[in-house]
Amino acid sequence: MEFKEKLKARALKEEISLSPKQLDQFELFYNMLIETNKSMNLTAITDEDEVIEKHFIDSLSCRRVMDMTKVKTCIDVGTGAGFPGIPLKIVYPEIQFVLVDSLNKRVGFLNEVKKALGLEGLEALHGRAEDLARDKSLRASFDLCVSRAVANLSVLSEYCIPFVRTNGYFVSYKGKKGLDEITNAQNCMNVLGCKIENVDEFHLEEDEAERLLIKIKKCKGTPKLYPRKAGTPTKNPL
Ligand code: SAM
């Protein structure tokens, strides 16, 4: 089966109906990912079926815990080659997206993807989350923050929660060990004024590995002290 047919059928199983334009965008993104990956380290996953499942379908799993039709602004922290941000932007084009990564080469790739796919209302920013979260135009500005495979939950919450508006959400994409991270993140939740509202456990097709979506609600404004300066959250997690 050709790429677009496969993706269309797989997405339908998740009750996502992709238009011809969205299928073209996914195919172009896939081709750019594979081509650029020859000269730049973007992903270890390159097999067509695996990219569909572990990058595209996994990225869209956020909709299991969030009503995406109510989200107007979303930031993806540590987006790398654009996961989960680019698949979410393709499927929800009306959401304004900011993608953040500390590696400038990857941000360059994302700007090429943005141009080639004609994605409007998407900005790729180079910088560390700890620094960008102090920028007035970004702090407490987003309905939703998403992040996959960047840091443990305490560190990541310190990166992500400051970007979220009060009563907005942070959805952390995790594997099984996310459950231990939750146990260790209680102090962090208190300090940052947020709470874990839901933990969704699921499996992708033909993949044994358990996946978790941790949905965290920001209940009040983040104290000015956070995030601490770049590097401190990892050295000394809350
Ligand atoms: N989220 C993508 C995914 O799931 O495929 C990429 C995951 S990759 C393992 C982690 C990414 O986070 C890298 O691209 C790295 O440059 C970025 N990163 C790590 N620490 C960061 C920070 N403090 N601020 C911004 N980006 C960061």
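Quantities reported herein were computed from a predicted structural model and do not represent experimental measurements. (Residues numbered from 1 in each chain as written. Predicted model: local features only at pLDDT ≥ 70, side-chain atom pairs only at ≥ 80, totals over all residues. Heavy atoms only, no water.)

(A) Representation of the overall build of the protein in the model. Helix and strand counts for the protein stand at 10 helices and seven strands. Radius of gyration (C-alpha) of the protein: 17 Å, near the 18 Å computed for a compact globule of 238 residues. Projected onto its principal axes, the C-alpha positions of the protein cover 50 × 35 × 30 Å. Restricting to contacts in the protein with at least 6 residues of sequence separation, those with at least 24 account for 70%. (Helix = DSSP H or I, 4+ residues; strand = E, 2+ residues; numbered from the N terminus. Rg over C-alpha atoms; globule rule 2.2 N^0.38 Å. Contact = heavy atoms within 4.5 Å.)

(B) Just helix H7 (residues 153-160), in detail. In terms of residue burial, H7 counts as a mostly covered element, since eight of its eight residues are buried. Those residues of H7 that sit buried are Leu153, Ser154, Val155, Leu156, Ser157, Glu158, Tyr159 and Cys160. Here H7 starts with a cap whose side-chain oxygen sits 2.9 Å from the backbone nitrogen of Ser154, and that cap is Asn152. (Buried < 20%, exposed > 50% of the residue type's maximum accessible area, 1.4 Å probe, protein only. Polar contact = N/O pair within 3.5 Å; in protein donor to acceptor, adjacent residues only side chain to side chain.)

(C) Inspection of the site of the ligand at higher detail. Around the ligand, 16 residues are found, and the nearest of them are Gly78, Phe83, Asp101, Arg106 and Arg148. The backbone of Ala129 places a nitrogen or oxygen atom 2.9 Å from a nitrogen atom of the ligand. Between the ligand and Glu130, the relevant distance is 2.9 Å, taken from a nitrogen atom to a side-chain nitrogen or oxygen of the residue. Split into classes, the residues belonging to the shell around the ligand amount to six nonpolar, five polar and five charged. (Near = heavy atom within 4 Å. Nonpolar A, V, L, I, M, F, W, Y, C, P; charged D, E, K, R; others polar.)

(D) A look at the packing of helix H1 (residues 3-13) against helix H2 (residues 20-36). Their axes nearest at 10 Å, the elements H1 and H2 cross at an angle of 120°. The angle between the axes of H1 and H2 places the two elements in the oblique class. Between H1 and H2 lies a crossing of right-handed hand. Here Phe3, Lys4, Leu7 and Lys8 of H1 lie close against H2, whose contacting residues are Leu23, Asp24, Phe26, Glu27 and Tyr30. The class makeup of the residues in the contact of H1 with H2 is five nonpolar, no polar and four charged. (Axes fitted to C-alpha atoms, helices over the stretch in contact; angles between N-to-C directions. Parallel < 35°, antiparallel > 145°, perpendicular 65-115°, else oblique. Left-handed = near helix turned anticlockwise from the far one by under 90°.)

(E) Quick peek at the environment of Ala209. Mapped onto the elements of the fold, Ala209 is located in the loop between strand S6 (194-203) and strand S7 (210-218). Spatially, the C-alpha atoms of Ala209 and Lys176 are 7.5 Å apart, while their sequence positions differ by 33 residues.

(F) Quick look at the packing of H1 against helix H3 (residues 48-59). Their axes nearest at 11 Å, the elements H1 and H3 cross at an angle of 40°. Relative to H3, the element H1 lies oblique. For the element pair H1 and H3, the recorded crossing hand is right-handed. Taken together, the residues of H3 that come into contact with H1 (itself represented by Phe3, Lys6, Leu7, Arg10 and Ala11) are Glu48, Asp49, Ile52, Glu53, Phe56 and Ile57. Its residues assigned to classes, the contact of H1 with H3 comprises six nonpolar, no polar and five charged.

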